[in-house]
Amino acid sequence: MTETLMHKGSCLCGTVKYEVRGKLGAAIYCHCSRCRKATATAFATNAAVAASDFVIEGESALKTFDSSPGVHRIFCSNCGSPVISSRDAMPDVVRLRLGTLDTPLLAPPTAHYFVTSKAVWYEIHDDLPQFA
Ligand SMILES: [Zn+2]
Ligand SMILES: [Zn+2]
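Residues numbered from 1 in each chain as written. Chains lettered and ligands numbered in written order. Predicted model: local features only at pLDDT ≥ 70, side-chain atom pairs only at ≥ 80, totals over all residues. Heavy atoms only, no water.

Undergrad: Whenever I open this one, the overall build of the chain confuses me. Can you help?
TA: Regarding its fold elements, the chain presents one helix and ten strands. When the helices and strands of the chain are placed in sequence order, the string is β-β-β-α-β-β-β-β-β-β-β. Computed over its C-alpha atoms, the radius of gyration of the chain comes to 14 Å, within 12% of the 14 Å expected for a compact globule of 132 residues. With the C-alpha coordinates aligned to their principal axes, the bounding extent of the chain is approximately 35 × 35 × 30 Å. Counting across all 132 residues of the chain, residues that qualify as buried make up 39%. A total of about 7800 Å² of accessible surface is found on the chain, and carbon and sulfur atoms cover 55% of it. (Helix = DSSP H or I, 4+ residues; strand = E, 2+ residues; numbered from the N terminus. Rg over C-alpha atoms; globule rule 2.2 N^0.38 Å. Buried < 20%, exposed > 50% of the residue type's maximum accessible area, 1.4 Å probe, protein only. Areas by Shrake-Rupley, 256 points an atom, 1.4 Å probe, with all protein chains shown as cover.)

Undergrad: Sorry if this is basic, but what is going on with the UniProt feature "domain: CENP-V/GFA" (unreviewed entry) in the chain here?
TA: UniProt's entry tags residues 7–123 with the feature "domain: CENP-V/GFA" (unreviewed entry), counted in the numbering of this structure. Each end of residues 7–123 is marked by a C-alpha atom, and these two atoms are 29 Å apart; helix forms 6% of the span and strand 44%. (UniProt positions renumbered as here; feature names shortened; annotations may be inferred.)

Undergrad: Would you explain the pairing of strand 8 (residues 82–87) in this entry?
TA: Looking along a regular strand, one sees side chains alternate from face to face of the sheet. Where strand 7 (residues 71–76) lies against strand 8, five bridges are found, and the strand directions are antiparallel. Counted as the bridge partner of His72 is Ser86 from strand 8. Hairpin connection, strand 7 to strand 8: the antiparallel pair is bridged by five residues, and Gly80 has positive phi, about 90°. Sheet topology note: the strand 8/strand 9 (residues 90–97) ladder contains four bridges and is antiparallel. In the sheet register, Ile84 faces strand 9, and the bridge partner there is Leu96. If you look at the hairpin formed by strand 8 and strand 9, you'll find two residues sitting between the two strands. (Pairing = 2+ DSSP bridges.)

Undergrad: Please clarify how the side chain of His31 should be interpreted in this entry.
TA: Here His31 is to be found in the loop between strand 3 (28–30) and helix 1 (33–39). Exposure remark for His31: the relative accessible area of 0% places this residue in the buried category. Polar contacts involving the side chain of His31 include one to the side chain of His112, which spans 2.9 Å. When near neighbours in sequence (up to four residues on either side) are disregarded, His31 contacts Arg36, Ala42, Phe43, His112, Tyr113, Phe114, Val115, Ser117, Lys118, Tyr122 and Ile124. (Polar contact = N/O pair within 3.5 Å; in protein donor to acceptor, adjacent residues only side chain to side chain. Contact = heavy atoms within 4.5 Å.)

Undergrad: How should the coordination of the zinc ion (ligand 1) be read in this particular structure?
TA: Ideal donor angles around a metal are set by the shape: a four-donor tetrahedron calls for 109.5 degrees, a six-donor octahedron for 90 or 180 degrees. For the zinc ion (ligand 1), the full set of protein donor atoms is Cys11 (SG), Cys13 (SG), Cys76 (SG) and Cys79 (SG), at a range of 2.3 to 2.4 Å. Here the zinc ion (ligand 1) binds four donor atoms, and the angle range of 104 to 114° at the metal identifies the geometry as tetrahedral. In primary-sequence terms, the residues that donate to the zinc ion (ligand 1) follow C-x1-C-x62-C-x2-C. Of this pair, Cys11 sits in the loop between strand 1 (7–10) and strand 2 (17–20) while Cys76 sits in strand 7, and the two are 65 residues apart along the sequence. By the burial criterion, Cys11 is buried, and Cys76 matches it. (Donors = N, O, S within 2.8 Å, 3.2 Å for Na, K, Ca; no water. Tetrahedral: all angles 85-135°; square planar, octahedral: opposite > 155°, others 65-115°.)

Undergrad: I tried to follow the sheet that holds strand 2 on my own but got confused; where do I start?
TA: Backbone-to-backbone hydrogen bonds pair the strands of a sheet. The strands run either parallel or antiparallel. A sheet is described by the order of its strands in space; here three strands give the open sequence 1-2-5, paired in antiparallel fashion. Looking along the sheet, the strands with just one partner apiece sit at the ends: strand 1 and strand 5 (54–57). Looking at each pair of strands side by side, their axes are set apart by 15° on average, direction ignored. (Axes fitted to C-alpha atoms, helices over the stretch in contact; angles between N-to-C directions.)

Undergrad: Would you take a moment to explain the coordination of the zinc ion (ligand 2) for this structure?
TA: The zinc ion (ligand 2) binds to the protein through Cys30 (SG), Cys32 (SG) and Cys35 (SG), with metal-donor distances spanning 2.1 to 2.3 Å. Within one chain, the residues donating to the zinc ion (ligand 2) are spaced in sequence as C-x1-C-x2-C. Neither Cys30 nor Cys35 differs from the other in exposure class; each is buried.

Structure (structure tokens):
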């Protein structure tokens, strides 16, 4: 049953559309300073996806910013939506920015990461595990 359900999403302007044709990894909240700046909000919500399961349309609109060597943040150059990130060290995986989903997230986020970099004005109000 769950195999027939799929995650689909798009950027703000709709130029970039994608489908996840496989399992989404565990969703996590990332409070690292790079995700905060890249999303201009308190945290990013990300999940790993096998690169081979990730099918994207409108790829020519994508631009890449390397936030550190070998770490590529890929966004729509038309509207600025962050879509995925990738790492040279893990070429088989992309990290999807879940705020771009148009379909329901089938499993809720499981943890908070990089909480030591958390925005001081944001308080975590749940009981999920927190990792420094
Ligand atoms: Zn866009
Ligand atoms: Zn992060």
